[in-house]
Amino acid sequence: MEAEQLKRLERKESAHIAEILDEFNKKNAELLVFDSFHTDNQWHELWLAIFGILEDKELEKVHALCLNTVRILTRDEFSLQTHYIEQELGTLLQLARLDAQADVELLRQLSAQQAEIIAEALKCLCNLVYQSADCRKQCLRQHGLDALVQRLSLASSMRYPTTLEYYDMKLLFLLTALETTARVRLQNELSGLTYMTNWLDEKLSEPGLLQSKEQQQLLCELLKVLFTLTSTTDKSPNEQELQCLQLTRVLRELLLHFGDQPSSRGVLTHAINLLTNINSSCLVELLIKCNPVDASDDVNCFEQRNVRCLQLLLDYLRQGLAQQQLEASSPELLSPVLTVLVKCARSNRIMRHYLRKQILPPLKDVSQRPELGTELRNHLCRFLTLPAMILRDLAAELIFVLCKENVARMIKYTGYGNAAGLFAKRGLLDCRRVENTDYSSDSENSDTEEYKQQQACVNPVLGCVEQPKRNPLEGMSEEQQEYEALQLVKLLEQLRQDGVVQPALIDKDGKPQPLEHILQLQEQ
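I will try to describe carefully the structure that is included in this document. Every value quoted in this text rests on a predicted model; they were computed, and no experiment measured them.

Bringing the state of the cysteines into the picture now. One pass over the structure, following the stated rule, counts one disulfide. Two residues, Cys290 and Cys301, share a disulfide whose sulfurs are 2.2 Å apart. Torsion about the S-S bond of the Cys290 and Cys301 cystine: about 125 degrees, corresponding to right-handed handedness. Of the two residues, Cys290 is situated in the loop between β1 (288-289) and β2 (301-302) and Cys301 in strand β2; the sequence distance between them amounts to eleven residues. Both residues of the pair, Cys290 and Cys301, count as buried.

Encoded structure:
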């Protein structure tokens, strides 16, 4: 900005303000590097000039333009850290109607210009809260959190613009996610979890929710706030359990509401993220009793429970797997839904039975390896050998739980080779029985006639029928066989010395014990 233009802003020359700011905002709309603003104190001088205009009520018609300029300047983390801006933060809270003197009732009669000013002020506050820990603390000191919660609590009755509601919720998320004090206060002193759960419940009953992109974006922000509130809690176990039960019921309705809408994947993603924080004992609320009259004809009825939510979670997983293959995206994005499925399988017998039926159906064709194919079992078996530890461990745990932690059953579905990582971690390499498991004793024999006919030919390491191979020692004399065996020992020892492989034996705890020399393999 030229020096003369800055002087005109400082003098509040109303005839030139709009033109100067409009040019500046368009030129710097995408600006992220502010090195040129740090010379001659230009950033600070422009900042003070803009706030001089914002504090003048007679210039309200250019306040939205001014706030657009402020929003650009708030991207400069260096300047925010080197200048004291508590007074300006107070001005922004006032313009956003979040100061202590704000009259919430006036929001019922906002003009378009006033609504635009509030929205722009909220955007600036979001940037400041994101960029600066000091700004977050100042916002709390000036009671911004309390005013924000009060306004959101009246949102449904006031019906003020969805855009403002969205930025209110975004600001609340940033405050609670980045500032522990704000999170604790909202949760404990302002009954945030109870209030937010009720607010979400009310939103789901509003008409036109599926068609409104703005409303869905608002729901995503709300779900993110709920995620931060449920990440840590100081509530008593009983109180937390009651709150989680109610929240899970509302999330069940949300899944049923949005589950069939391809355009609502963002809402489902945040709902699933939130479910990862829910106590396992509360996830049973995802199931509801089937109507006895319609149970026989209801495709979603399984063991007298409606399992539609579980089916939606599996559909979400399938879509994520397809998208991952198509776009080569990170498989770690699937970890939240796998976490929820593991918790569901562990928490309830009916859930485990249903998930096992869908993921590990009775085996028929075992002619190819378990990791080959497009079914859920095939995908999960491929995850078992991934270098991504989180996803690998989740896939292994899900399959293991669906097998009721029965080692032989898991080998049948995955092959010993794919499951070796889990077995090594749990001390099960010797295929010992897992003790102290809490599963029902009902029989779940999944052996089909087709599988029984091929069972004797299945290679347990590969998990499939292995085609006959020629014996590589066939036609060799004993001397040749001994020579080849010694060559193999030398090669393995070289690999061990080079750190390529680490031969091991299974110790008494069922875990791998590294060998000092390859010849130790002869001892067993």
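Considering soluble globular proteins, one finds that nonpolar side chains tend to be buried as a cluster. One finds Leu172 and Phe423 to be the most contacted residues of the largest nonpolar core, which totals 155 residues. With eleven residues, the top contributor of residues to this core is helix α7 (residues 112-131). Residues contacting Leu172, with those up to four places away along its chain left out, are Leu145, Leu148, Val149, Leu152, Leu186, Met196 and Val225.

Further remarks concern the packing of aromatic side chains. Under the defined criterion, the tally for this structure stands at seven aromatic pairs. Ring centres of Trp47 and Phe51 lie 4.8 Å apart, and the angle between their planes is 50 degrees; this geometry places the pair in the tilted category. Here Trp47 and its partner Phe51 are both found in helix α3 (residues 42-54), four residues apart, which amounts to about one turn of the helix. Each member of the pair, Trp47 as well as Phe51, carries the same accessibility label: buried. Put simply, the rings of Phe24, Phe34 and Phe37 touch in pairs and so form one group of aromatic residues. In this structure, Arg265 packs its charged tip against the face of Tyr316, placed 3.9 Å from the ring centre. The lysine or arginine in question, Lys412, covers the ring of Tyr451, its NZ or CZ lying 5.4 Å from the ring centre.

Rules used in this analysis
- Residues numbered from 1 in each chain as written.
- Predicted model: local features only at pLDDT ≥ 70, side-chain atom pairs only at ≥ 80, totals over all residues.
- Heavy atoms only, no water.
- Disulfide = S-S within 2.5 Å.
- Helix = DSSP H or I, 4+ residues; strand = E, 2+ residues; numbered from the N terminus.
- Buried < 20%, exposed > 50% of the residue type's maximum accessible area, 1.4 Å probe, protein only.
- Core = buried A, V, L, I, M, F, W, Y, C linked by side-chain atoms within 4.5 Å.
- Contact = heavy atoms within 4.5 Å.
- Phe/Tyr/Trp six-rings, centres within 6.5 Å; stacked < 30°, edge-to-face > 60°.
- Lys NZ or Arg CZ within 6 Å of the ring centre and 35° of its normal.

None of this, on its own, says anything about what the molecule does.
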